[in-house]
Amino acid sequence: MPAHPRSFKIRVPATSANIGPGFDVVGLSLSLYLTLTITVPLNPNAAPLAERPIISYSGEGADEVPLDAYKNLTTRVALYVLRCNGIQLFPPGLTIHAHNEIPFGRGLGSSGAAVIAGVMLGDALGQLGLERERMLDYALMVERHPDNVTAALVGGFVGSYLRELDPVATQAASVPLSEVLPEYPLDAGPDWGRDPPLPPVGIGHYVRFGWAKEIRAVAIIPRFELSTATARGVLPESYSRKDLIFNMQRLAVLTTALSRSPPDPDLIYEAMKDRVHQPYRRSLIPGLPEVTSSITPSTHPGLLGICLSGAGPTILALALTGFEAIAEDARKIFLEKGIEVDWQVLDVITEGSSVDNL
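Every chain begins its residue count from 1, and numbering advances along the sequence as written. Side-chain atom pairs in this predicted model are given and counted only at pLDDT of 80 or more, local residue features only at pLDDT of at least 70, and totals for whole chains, interfaces and linings cover all residues. The side-chain figures draw on all heavy atoms in the structure; neither hydrogens nor water molecules are used.

**Some points on the overall build of the protein**
Item 1. When helices and strands are counted, the protein shows eleven helices and eleven strands.
Item 2. The globule rule is 2.2 Å times the number of residues to the power 0.38, and the radius of gyration it is compared with is taken over C-alpha atoms. Taking 358 residues into account, the globule formula puts the C-alpha radius of gyration at 21 Å, and the protein, at 21 Å, falls close to it.
Item 3. Structurally, the protein occupies a C-alpha span of about 65 × 45 × 35 Å along its principal axes.
Item 4. When burial is assessed residue by residue, the protein has 54% of its 358 residues classed as buried.
Item 5. The criterion used for residue contact is that any of the two residues' heavy atoms lie within 4.5 Å. Across the protein, the fraction of contacts at a sequence separation of at least 24, relative to all contacts at a separation of at least 6, is 79%.
Item 6. Here the open area of atoms and residues is found with the Shrake-Rupley method and a 1.4 Å probe, where only the protein chains shown may cover a residue. Counting every atom, the protein has about 15,500 Å² of accessible surface; 54% of that belongs to carbon and sulfur. For the purposes of this entry, the term helix denotes a DSSP run of H or I that reaches at least four residues, the term strand denotes a run of E that reaches at least two, and both are numbered from the N terminus. Think of it in three bands: with a 1.4 Å probe and only protein chains considered, a residue is buried below 20% of the maximum accessible area for its type, exposed above 50%, and partly exposed in between.

**Focus on the pattern of salt bridges**
Item 1. Criterion for a salt bridge: a side-chain nitrogen of Lys or Arg within 4 Å of a carboxyl oxygen of Asp or Glu. Considering all chains together, one arrives at 13 salt bridges under this definition.
Item 2. Two residues, Asp24 and Arg232, come together in a salt bridge whose shortest N-O distance is 2.6 Å. Placement of the pair is Asp24 in strand S2 (residues 22-40) and Arg232 in helix H7 (residues 228-233), with a sequence separation of 208 residues.
Item 3. Residue classification places Arg232 among the partly exposed positions, given a relative accessible area of 26%.
Item 4. The salt bridge involving Glu270 is made with Lys273; its shortest N-O contact spans 2.9 Å.
Item 5. Residue Glu270 is classed as partly exposed on the basis of its relative accessible area of 30%.
Item 6. Its relative accessible area of 34% is what places Lys273 among the partly exposed residues.
Item 7. Ionic contacts of the salt-bridge type, sharing partners, join the residues Arg250, Glu270 and Lys273 into one network.

**Regarding the packing of aromatic side chains**
Item 1. Between rings of Phe, Tyr and Trp, where Trp is taken as its six-membered ring, a pair exists when centres lie within 6.5 Å; planes separated by under 30 degrees are stacked, by over 60 edge-to-face, and by other angles tilted. Scanning the model with the defined rule gives six aromatic pairs in all.
Item 2. Judged by centre distance (5.1 Å) and plane angle (55°), the rings of Phe157 and Phe209 are tilted. Here the residue Phe157 occupies a position in strand S5 (residues 157-162), and Phe209 occupies one in strand S6 (residues 204-209), the gap between them amounting to 52 residues.
Item 3. The interplanar angle of 75° and the centroid separation of 5.5 Å between the aromatic rings of Phe157 and Trp211 together place this pair among those described as edge-to-face. Taken together, the positions of Phe157 in strand S5 and Trp211 in the loop between S6 and strand S7 (216-222) put the pair 54 residues apart, joining distant regions of the chain.

**Let's talk about empty space enclosed by the protein**
Item 1. Definitions used for this entry: grid spacing 1 Å over protein atoms alone; cavity, a set of points where a 1.4 Å probe fits but cannot get out; pocket, an open set with protein on both sides within 12 Å along at least 5 of 7 lines; lining residue, one with an atom within 4 Å of a point. Grid points are joined across faces, edges and corners, and a volume is the space filled by probe spheres set on the points. Inspection of the entire model under this criterion finds one cavity of 30 Å³ or more.
Item 2. Put simply, the largest cavity is a space of about 80 Å³.
Item 3. At four residues, the largest contribution of residues to the lining of the largest cavity is made by helix H1 (residues 73-84).

**A closer look at the environment of Thr292**
Item 1. Mapped onto the elements, Thr292 comes out in helix H10 (residues 288-294).
Item 2. Apart from residues lying up to four places away in sequence, Thr292 is in contact with Tyr269 and Ile306.
Item 3. At 3.3 Å, the side chain of Thr292 and the backbone oxygen of Pro289 are in polar contact. In protein, a polar contact requires one atom able to donate a hydrogen and another able to accept it; more generally it is a pair of N or O atoms within 3.5 Å, and residues adjacent in sequence count only if both atoms are side-chain atoms.

**Details of the sheet that holds strand S9 (residues 315-319)**
Item 1. Should DSSP find at least two bridges between two strands, the strands are taken to pair. Strand order in the open sheet formed by four strands is S8-S9-S7-S10, with antiparallel pairing between adjacent strands. The sheet is open, and its two borders are formed by strand S8 (303-308) and strand S10 (341-346), each paired with just one other strand. Sheet twist, expressed as the mean angle between neighbouring strand axes with direction ignored, is 15°.
Item 2. Of the pairings in the sheet, the one linking S7 to S9 comprises five bridges and is antiparallel in character. Note on S9: the bridge partner recorded for Arg216 is Ala319.
Item 3. Along the sheet, helix H11 (residues 323-336) makes contact with S7, S8, S9 and S10, crossing S7 at roughly 20°. Under this scheme, a helix contributes an axis fitted over its contacting stretch, all axes are lines through C-alpha atoms, and angles between N-to-C directions fall in the 0 to 180 degree range.

**Structural notes on the side chain of Asp137**
Item 1. Summarising the element assignment, Asp137 is placed in helix H3 (residues 132-142).
Item 2. The contacts of Asp137, once residues within four sequence positions are left out, are Pro199, Pro200, Val201, Gly202, Ile203 and Gly204.

**Points about the pairing of S7**
Item 1. Taking burial as the measure, the seven residues of S7 include six buried ones, the bulk of the element.
Item 2. Where S7 and S10 come together, six bridges link them in antiparallel fashion. Opposite Pro222, over in S10, you have Val341 as the bridge partner.

**A word on the packing of helix H2 (residues 110-126) against H3**
Item 1. Packing of H2 against H3 brings their axes to within 9 Å, and their N-to-C directions diverge by 125°. As judged from the angle between their axes, H2 and H3 are oblique. Crossing angle aside, the handedness with which H2 passes H3 is right-handed. In this structure, H2 contributes Val115, Ile116, Val119, Met120 and Asp123 to the contact, and H3 contributes Arg132, Met135, Tyr138, Ala139 and Val142. Comment on the angle field: the value is read as roughly parallel under 35 degrees, roughly antiparallel over 145, roughly perpendicular from 65 to 115, and oblique elsewhere. Each crossing gets its handedness from the near helix: less than a right angle anticlockwise from the far helix is left-handed, clockwise is right-handed.

**Examining helix H4 (residues 146-154)**
Item 1. Of all nine residues in H4, nine are buried, a share of seventy percent or more.
Item 2. Within H4 the residues assigned to the buried category are Pro146, Asp147, Asn148, Val149, Thr150, Ala151, Ala152, Leu153 and Val154.
Item 3. Summarising the contacts, the buried residues of H4 are in contact with strand S1 (6-18), S2, H2, H3, S5 and S6.
Item 4. Count one or two residues on from H4 and you reach Gly155, which has phi positive near 80°.

This is how it looks when you write it as structure tokens:
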């Protein structure tokens, strides 16, 4: 561990997955952030070796995030990365302040951002120099779906998939999460959780699509949480060929249509329709079918397309202009269902996650 003082900042964007037909395939990074400010003291040897990092937290979720480094998701991921690379403990005297702008449980990638922040924290603390592709391997050992974490890591409009690995690597990538991030009991000693399972190389691959710079995103955020597990629980085990072809056709068009300038509203609106996940989640999100069917390019000039953001309940509208009219009309529909919403106009960002020395 270095003996000189170090302060640095990690910034990870929010993400929206699926974008209509791209279920578990595509993701989009947005201009809300989880930001960590980290300080490693001048003389780490002055602090007791077993001292836990001091964590503080502000912003979204501040009243519910654990501040114990062995219970907090980001620091648990960081410790996993460190231990996979032969570093068993956090540096003594470590302090971390997290400021979060990403709402929890709303389909904007809050857990994916926490995981990516943890991977980058482990890499920076250990001065490991991991490549982005290797960082993605660590993230996928925790977050088993690549769409959010890939977009959070590399930025922009991204398509990703999990590779078909050989049997040994497949088994290694499929170990229970409890082995990757073990629970730490109150009496856990420094040897607890040592020798974690190493991630295979090349678990996931990705490609960045183009993006028309004039397209912005309106996030319409209902004031209730919806867990990914609940939202996945209503999906069927199998789909008809007709519905799969419907989605594949639209996804093939959408990945190019969103890169063209000027964007074509009629093309994009139709290409953002879905038959794989949104129809099954209607019962979990009152107002979803009404919003996605009644807010169209013809009724709201400037709108390009509208969809569920990730597992929901947030609705994502891609638009060129007319942001307030889109959001306020969606708000009225939700209000008729007894649901309050907040909304924000966000930029699609291309730079991904970053680490900067202070």
